[in-house]
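The primary structure of each chain is shown beneath.
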Amino acid sequence: MWPTRTGGARARAAVVVCRWPEMEVLEERVAEEPVRFPYVPGLLSFREAPAALAALSKLSHPIDCLLVDGQGRAHPRRFGLACHLGLWTGQPTIGCAKSRLYGRVSSPGPEKGSREPLVDANGEVLGSAVTTRDRCKPLYVSVGHRVSLEEAVEIVLACCRRTKHPEPLRLADRLSKA
DNA sequence: GCGACAG
DNA sequence: ATCTTGTCGC
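Quick caveat: nothing in here was measured; it's all calculated off a predicted structure.

## Focus: helix α4 (residues 167-177)
Next, step 1: Of the residues making up α4, those classed as buried are P168, L169, L171, A172, L175 and S176. The buried residues of α4 occupy one face: seen down the axis, they fall within an arc of 160 degrees. Turned more than 90 degrees from where α4 packs its buried face, R174 and K177 sit exposed.
Next, step 2: Packed against the buried residues of α4 are β1 (11-19), β2 (24-33), β3 (66-68) and β4 (93-97).

Structure representation (structure tokens):
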């Protein structure tokens, strides 16, 4: 799982600053790293964090909270990418993943706002499966750093006005691929 | 041994 | 993640 130094491989990350809840974009930053670690389930932070931190360091505008495309506490070791970025930057962070990595959960209702707890084998709550748009598959929200799960879910829902994915993540995803 | 497995 | 085909909604 160590560095795949395939010539010229670049890790690319993007971050956007939005005004909440209007989602007015205030700033956009992208950053690249010369080598990237391979993707290994459970170790995504090693692949994504360096570039993400580099992009964050280029911001000149203050932020209130980071919405991260990945898990927070909903991780085998309770420490996904959102937790790493939160601890590293000191900023409040929220993990918001498109699919499940760890934990059991039943399907939430089909109406936006429905949610079901994501739990581990002992019943400990790791996060929530949240329906962010009517009839769409849920997103997996979990605590990253300095936010409660309830706050995290409300913020994610508020960021999904007419789409399944939170506006900040859609913008950052688009920017990283441009 | 077999299935699961963020992006 | 990436690629491809087909369907649905604004």
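## Concerning the protein's contact with DNA strand C
Next, step 1: In the vicinity of DNA strand C, the contacting residues are K98, R135, R162 and K177.
Next, step 2: K98 is positioned with one of its side-chain polar atoms (N or O) 3.4 Å from a phosphate oxygen of DNA strand C.
Next, step 3: Within the contact set of DNA strand C, a sugar or linking oxygen lies 3.4 Å away from a side-chain nitrogen or oxygen of R162.
Next, step 4: Taken together, the residues of the surface near DNA strand C sort by class into no nonpolar, no polar and four charged.

## Focus on helix α2 (residues 81-89)
Each α-helix turn comprises 3.6 residues. Residues three or four places apart therefore point the same way.
Next, step 1: Listed as buried for α2 are L81, A82, C83, L85 and G86.
Next, step 2: Those residues of α2 that are buried lie in contact with α1 (44-57), β3, β4 and β7 (139-145).
Next, step 3: Just beyond α2, the residue with positive phi is G90, at close to 80 degrees.

## A closer look at the protein's contact with DNA strand B
Next, step 1: If you check the shell around DNA strand B, you find 17 residues, and the closest are Y39, Q71, K98, S99 and R100.
Next, step 2: In DNA strand B, atoms within 4 Å of the protein come from the sugar-phosphate backbone in 49% of cases.
Next, step 3: Within the backbone of L81, a nitrogen or oxygen atom sits 3.1 Å from a base nitrogen of DNA strand B.
Next, step 4: Across the surface near DNA strand B, the residue classes tally to seven nonpolar, six polar and four charged.

## Structural notes on the side chain of E27
Next, step 1: As for its placement among the helices and strands, E27 is situated in strand β2.
Next, step 2: When its relative accessible area of 8% is taken as the criterion, E27 is described as buried.
Next, step 3: Within polar-contact distance, the side chain of E27 engages the backbone nitrogen of S60 at 2.8 Å.
Next, step 4: Residues in contact with E27, not counting those within four places in the same chain, are V15, V16, V17, K58, L59, S60 and H61.

## Quick notes on the sheet that holds β7
As a general point, the strands of a sheet are linked pairwise by backbone hydrogen bonds and lie either parallel or antiparallel.
Next, step 1: Across the sheet, five strands lie side by side as β3-β4-β7-β6-β5; this open sheet has mixed pairing. The open sheet has two edge strands, β3 and β5 (115-119), and neither has a second partner. Within this sheet the neighbouring strands show an average axis-to-axis angle of 30 degrees, counted without direction.
Next, step 2: Both strand β6 (residues 125-130) and β7 contribute to a ladder of three bridges, which runs antiparallel. Across the sheet, residue A129 finds its bridge partner in β7, namely Y140.

## Some thoughts on unusual backbone geometry
Next, step 1: Located in the positive-phi region is R135, a residue other than glycine, with phi close to 65 degrees.
Next, step 2: Relative to the helices and strands, R135 resides in the loop between β6 and β7.
Next, step 3: Even without a glycine there, the phi angle at R146 is positive, about 55 degrees.
Next, step 4: Inspection of the secondary structure puts R146 in the loop between β7 and α3 (149-158).

Rules and cut-offs
- Residues numbered from 1 in each chain as written.
- Chains lettered and ligands numbered in written order.
- Predicted model: local features only at pLDDT ≥ 70, side-chain atom pairs only at ≥ 80, totals over all residues.
- Heavy atoms only, no water.
- Buried < 20%, exposed > 50% of the residue type's maximum accessible area, 1.4 Å probe, protein only.
- Helix = DSSP H or I, 4+ residues; strand = E, 2+ residues; numbered from the N terminus.
- Arc of directions from axis to C-beta.
- Contact = heavy atoms within 4.5 Å.
- Near = heavy atom within 4 Å.
- Polar contact = N/O pair within 3.5 Å; in protein donor to acceptor, adjacent residues only side chain to side chain.
- Nonpolar A, V, L, I, M, F, W, Y, C, P; charged D, E, K, R; others polar.
- Pairing = 2+ DSSP bridges.
- Axes fitted to C-alpha atoms, helices over the stretch in contact; angles between N-to-C directions.

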